Amino acid sequence: MLKKSLHLIFASIVLHTSVLCQQPLNLKAIARYDSLNKAMPAEKLYVHFDKHTYAAPDTIWFKAYLMDGFNHNSTVSGLIYTEMINSSGQIVQTRTLPTTLGLTWGTFEVNEELYPSGTYTFRAYTNWMRNFGERYFFQQELKILSPELLASATTNNKDTQPRTLQQAIFKSTKKDAPDFQFLPESGAWISGAYQKMAFKAVASHGKGIPLTGTIYDSKQVKVCDFKSNDKGMGFFSLTPADGETYTAKINTAFGEFTKSLPKSQATGTAIGVKMQADSVVFTVMSTLPATPLILLGNARGTVIFSAAISPGTSGRIIKIAKSNFPSGVAQVLLMDDRFQVRNERNFFLNFQDALQLELSSPSVQYVKRDRIPLQLMANDSEGNPISGSFSVAITADDQVRKDTLNDAHILSYLLLGAELKGEIEDPGSYFSRKDAQLQNDIDALLLTQGWVGHLQQNMPDLKFKAEKDFAITGKVTNLLNKPVSDAKIILLGKNKSFLMRDTLTNAQGEFIFDQFPLLDSASFVIQALNAKGKKGTLGITVNEFTHPPFYLQKSNLPLNESAEKDSVDHHYISLKAEADRFAINHGITLKEVKITGKRAVPGSKNLNGQGNSSQLLTEKDLLPLAKRTLYEVLQDKIKGFREGPRKKSYVMDFFINSDRAKFIIDGIELDFFYDESISRGNTDYYNFVKSYLTYFNAEDIRGIETMEMGLSFRYKARYGNPLSDELISYIEVTTKTGSGPLLKKSANLYLIRPLNYGNARVFYEPKYNSTNRSSIRPDYRSTIYWNPNVMTDEKGLANFSFFSADRKGTYTIWVEGADMQGKIGIKTMKMEIK
């Protein structure tokens, strides 16, 4: 309905503004805009977490909402990729989650081996989003704590620990000069035109800092004063003189600074935007005497209005009723007659039309280990009940800090954050505040962090396809690299049960397997047979998923710098430690006992027996090297490993010290797959082995063992010539799949390990009754309750309950969700436990 009504609104405005006989040009611009948006439908992704700080052993609980431009459930994609990335930019874990009506949820299990303490980035996206860079990727910083980290922070900062977050920021950045930016409205500053100039001050840690300042011209005559808000943003207006230069003298808590403003242009175009009570007023300025222009307003991928602008227009004013726009970020573009975008200006409207959510309970005060019933009521902005899906997180305030007024939420992200670049400080405040300064602060935010989203001249290369569900696709070719049609493709694998499927290639040699069950650490072997059912010499290429690069943005503010948050973090960690000590002392769990002795690789085919090797790398040793190839690991970690020519020969090979090295992968000799009869030169065998060593990554491997000197005898007896005098060392590689040396370079065979969906875990909470309510086992949960899918019925109601824990204090109840038909909402509530 909204899209239809917007088209009707747009049509009337075009008729009203086409008095300059430019209607055909307007229509061409609109048709171009619509065709590009239909070919490139936008997707937005929001993720709700139970909290943002964790400690092992813990679980990261989350729910994802995949939307289109109008906040309906996306019909473009059906798969969401989620990743946990460490502070070195390495992907630690991944989950591939199928969606239903744009909704899905999952977990990441936090353990000490995978997640040492530090700051991590959770990243989520669809394959389709990759066509537009990282613009629509969802990213959230998460913190993993440990007792050692917090103890170190306490010791190192005992006398100098800052008392507030602002003091912590100052302490960490006082030696670094802030970054100052001056940004003319719509990207151009035209001489003789009265325009806004936005500014922003950012400290080295990425946070905004307040400032005051004065603008002077080249003769040091004062022009105007300016002052930022507490986020370091603001704007002022002035008319730049042609050929004049301007300088800002700036005062901050870090000192005084001088910054030159951008130079004004003698000719050009610009847009001004001003908010009135019921209208948005657009002012168009142009000094181009022979260039007709088009002003095009749009929101959520739909044209709202279009107006023709005469050449050389100075101060053309167009007023559009606010009611024509939807809530959220809208955009106005000024284009020339070749549809080149010359200026862009983003602005924000909020009609308070979000879902109205209410939480109720028989009481707002309960006692420890009490059953607490809650009812959720969901209505639209007009009071009509709606059916929707909502995620509920209830956390203890003494262990989890949540700011219900300023923290990001589904409204702040989908209506504002997803359309802007960079971090938005206190995004929730733009929705919770009602003060007179709010509009100016939003305008400053849009002027400084608005996306540059100009219409493209040509259709971009959409090389990343939208995925409805998980599928394995590939191509079969012959020795001449020509496609082979009607080849039989057999897929064998073990997921939670044995799986076997087959299909035929099409005329282009392509094949596809889809409609898989949920995959949990599955691996598949794909085999190709020709039309006669023979192996022949067919080659298989599989279109395997590759993760997009992650561009690390390191903060200069250490994890433990905020004393304000440290108090909560310390309490969280100390309560976990207390619960662990109780469990150990009362025999509920056994404390981990480290046995000093022979290290071994689980599942190894070591002929000498477990742990009997010359050199050994376990999975724990390989963990920090996750993305490094087996070749790189051997070079760095195995003493004496090298490559070079064999003795008295030019044939290249691999060695441990002076002994030739042979490779055994999951008990299978690698040389078994090498055909000496087709060898063509001194590097053929070397390249064959190296293709395997560069195929496997450290994250694929459970362990590496070398058998040198006396430990190589059993291997030589099985895999070599026992009577030969040649000294050979063997390298036993144990993979996590145990599938041996199968890879895409093996004729007719291909091994693929799809990204798994993870376990469908359900949040556990104790159920207290008369028999266990008095148990002495402490209950110090930080996440009291998590439910990713609370559904309201046709009356807009949903009922659920949870049990309180052992600590007195307050809980934060955080509910957010959507009807997946364009409406989203959030509700928070405090509850006291006595």
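Given the structure is predicted, the values throughout are model-derived calculations rather than measurements. (Residues numbered from 1 in each chain as written. Predicted model: local features only at pLDDT ≥ 70, side-chain atom pairs only at ≥ 80, totals over all residues. Heavy atoms only, no water.)

Digging into the overall build of the chain
Alright, step 1. When helices and strands are counted, the chain shows twelve helices and 44 strands.
Alright, step 2. Within the chain, the proportion of its 834 residues that are buried is 51%.
Alright, step 3. At a minimum sequence separation of 6, the contacts of the chain that also span at least 24 residues come to 69%.
Alright, step 4. Per element, the accessible surface of the chain, about 39,600 Å² overall, is 51% carbon and sulfur. (Helix = DSSP H or I, 4+ residues; strand = E, 2+ residues; numbered from the N terminus. Buried < 20%, exposed > 50% of the residue type's maximum accessible area, 1.4 Å probe, protein only. Contact = heavy atoms within 4.5 Å. Areas by Shrake-Rupley, 256 points an atom, 1.4 Å probe, with all protein chains shown as cover.)

Digging into the pairing of strand S16 (residues 269-275)
Alright, step 1. Of all the seven residues making up S16, five are buried; the element is thus mostly covered by neighbouring parts of the structure.
Alright, step 2. Relative to strand S17 (residues 279-286), S16 is paired through seven bridges, and the arrangement is antiparallel. Bridge pairing links Val273 to Phe282 in S17.
Alright, step 3. From the end of S16 to the start of S17, which pair antiparallel, there are three residues. (Pairing = 2+ DSSP bridges.)

As for the sheet that holds strand S5 (residues 91-98)
Alright, step 1. Taken in spatial order, the five strands make up an open sheet running S2-S8-S7-S4-S5, and their pairing is mixed. The open sheet has two edge strands with one neighbour each: strand S2 (53-55) and S5. On average, each strand axis in the sheet is tilted by 25° relative to the strand beside it, whichever way the strands run.
Alright, step 2. Sheet topology places strand S4 (residues 79-85) next to S5; seven bridges connect them, and they run antiparallel. Counterpart to Ile85 in the pairing with S5 is Ile91. (Axes fitted to C-alpha atoms, helices over the stretch in contact; angles between N-to-C directions.)

Let's talk about the packing of aromatic side chains
Centre-to-centre distance and the angle between the planes together describe a pair of aromatic rings.
Alright, step 1. Counted according to the given criterion, the structure contains 44 aromatic pairs.
Alright, step 2. Ring plane angle 40° and centroid distance 6.2 Å describe the contact between Phe182 and Phe199, whose orientation is recorded as tilted. Separated by 17 residues along the polypeptide, Phe182 in strand S9 (residues 179-184) and Phe199 in strand S10 (residues 195-202) bring together distant segments of the chain.
Alright, step 3. Residue class for Phe199 comes out buried when judged on its relative accessible area of 1%.
Alright, step 4. Judged by centre distance (6.1 Å) and plane angle (35°), the ring pair of Tyr785 and Phe802 falls under tilted. In this pair, Tyr785 is assigned in strand S41 (residues 783-791) and Phe802 in strand S42 (residues 797-803), connecting sequence segments 17 residues apart. (Phe/Tyr/Trp six-rings, centres within 6.5 Å; stacked < 30°, edge-to-face > 60°.)

Some remarks on the pattern of salt bridges
Alright, step 1. Going through the model one piece at a time under the given rule, you end up with 33 salt bridges.
Alright, step 2. Close ionic contact of Asp636 with Arg628 constitutes a salt bridge, the shortest N to O distance being 2.5 Å.
Alright, step 3. By relative accessible area, Asp636 is classed as partly exposed at 45%.
Alright, step 4. Members of the salt-bridge network, linked through shared partners, are Glu185, Lys196, Arg345 and Asp443. (Salt bridge = Lys/Arg side-chain N within 4 Å of Asp/Glu carboxyl O.)

Considerations on the nonpolar core
Alright, step 1. In terms of nonpolar packing, the biggest core is built from 73 residues, with Phe122, Leu416, Ile472 and Ile526 touching the most fellow members.
Alright, step 2. If one sorts the elements of this core by residue count, strand S3 (residues 58-68) sits on top with six residues.
Alright, step 3. For Ile526, the contacting residues outside a window of four places in its chain are Ile472, Ile489, Ile490, Leu491, Phe511, Ile540, Val542, Asn748, Leu749, Tyr750 and Ile752.
Alright, step 4. If you look at the next biggest cluster of nonpolar residues, it comprises 29 residues, including Tyr674, Tyr692, Phe696 and Ile731. (Core = buried A, V, L, I, M, F, W, Y, C linked by side-chain atoms within 4.5 Å.)

A short note on the environment of Asn440
Alright, step 1. Examined against the element boundaries, Asn440 turns out to sit in helix H7 (residues 438-449).
Alright, step 2. Sequence separation between Asn440 and Phe235 is 205 residues; the distance between their C-alpha atoms is 8.5 Å.

Things to note about the environment of Phe49
Alright, step 1. Looking at the element boundaries, Phe49 is found in strand S1 (residues 43-49).
Alright, step 2. When the C-alpha positions of Phe49 and Ala64 are compared, they lie 9.0 Å apart, and in sequence the two are 15 residues distant.
Alright, step 3. Contact partners of Phe49, with chain neighbours within four places excluded, come to Tyr54, Ile60, Trp61, Phe62, Phe122, Phe138, Gln140, Leu142, Ala393, Lys402 and Trp786.

Comments concerning the pairing of strand S21 (residues 328-336)
Alright, step 1. Among the nine residues that make up S21, nine are buried, leaving the element largely enclosed by the rest of the structure.
Alright, step 2. When S21 meets strand S22 (residues 341-349), the two strands line up antiparallel, connected through eight bridges. Each bridged residue has a counterpart across the sheet, and for Val329 the counterpart in S22 is Phe348.
Alright, step 3. The antiparallel pairing of S21 with S22 creates a hairpin that spans four residues between the two strands, and Phe339 there sits at a positive phi of about 65°.

With respect to the side chain of Arg123
Alright, step 1. By secondary structure assignment, the location of Arg123 is in strand S7 (residues 118-125).
Alright, step 2. Within the structure, the side chain of Arg123 is placed 3.0 Å from the backbone oxygen of Pro549, a separation counted as a polar contact.
Alright, step 3. Dropping the residues within four chain positions of it, Arg123 is found in contact with Tyr81, Thr82, Glu83, Ile85, Glu134, Phe137, Phe138, Gln139, Pro548, Pro549 and Phe550. (Polar contact = N/O pair within 3.5 Å; in protein donor to acceptor, adjacent residues only side chain to side chain.)

A short note on unusual backbone geometry
Alright, step 1. Looking along the chain, the bond that leaves Ala56 and enters Pro57 is cis, with omega of -10°.
Alright, step 2. Along the polypeptide, Pro57 turns up in the loop between S2 and S3.
Alright, step 3. Of note in this structure, Gln352 is not a glycine but carries a positive phi near 55°.
Alright, step 4. Position of Gln352 relative to the elements: it lies in the loop between S22 and strand S23 (356-360).

Focus: the sheet that holds strand S25 (residues 371-379)
Alright, step 1. Read from one edge to the other, the open sheet built from three strands follows the order S23-S25-S42, with strand pairing classed as antiparallel. Each of the sheet's edge strands pairs with one partner strand only, and the pair in question is S23 and S42. Averaged over all pairs of adjacent strands, the angle between their axes in this sheet comes to 20°, without regard to strand direction.
Alright, step 2. As judged from the seven bridges shared by S25 and S42, these two strands associate in the antiparallel manner. Paired with Leu376 across the strands is Ala798, a residue of S42.

Points about the side chain of Asp397
Alright, step 1. Tracing the backbone through its elements, the reader meets Asp397 in the loop between strand S26 (389-396) and helix H5 (410-415).
Alright, step 2. With a relative accessible area of 19%, Asp397 lands in the buried category.
Alright, step 3. Polar side-chain contacts of Asp397 include one of 3.0 Å to the side chain of Lys830.
Alright, step 4. The contact partners of Asp397, leaving out residues within four places of it in the chain, are Val568, Thr810, Tyr811, Thr812 and Lys830.

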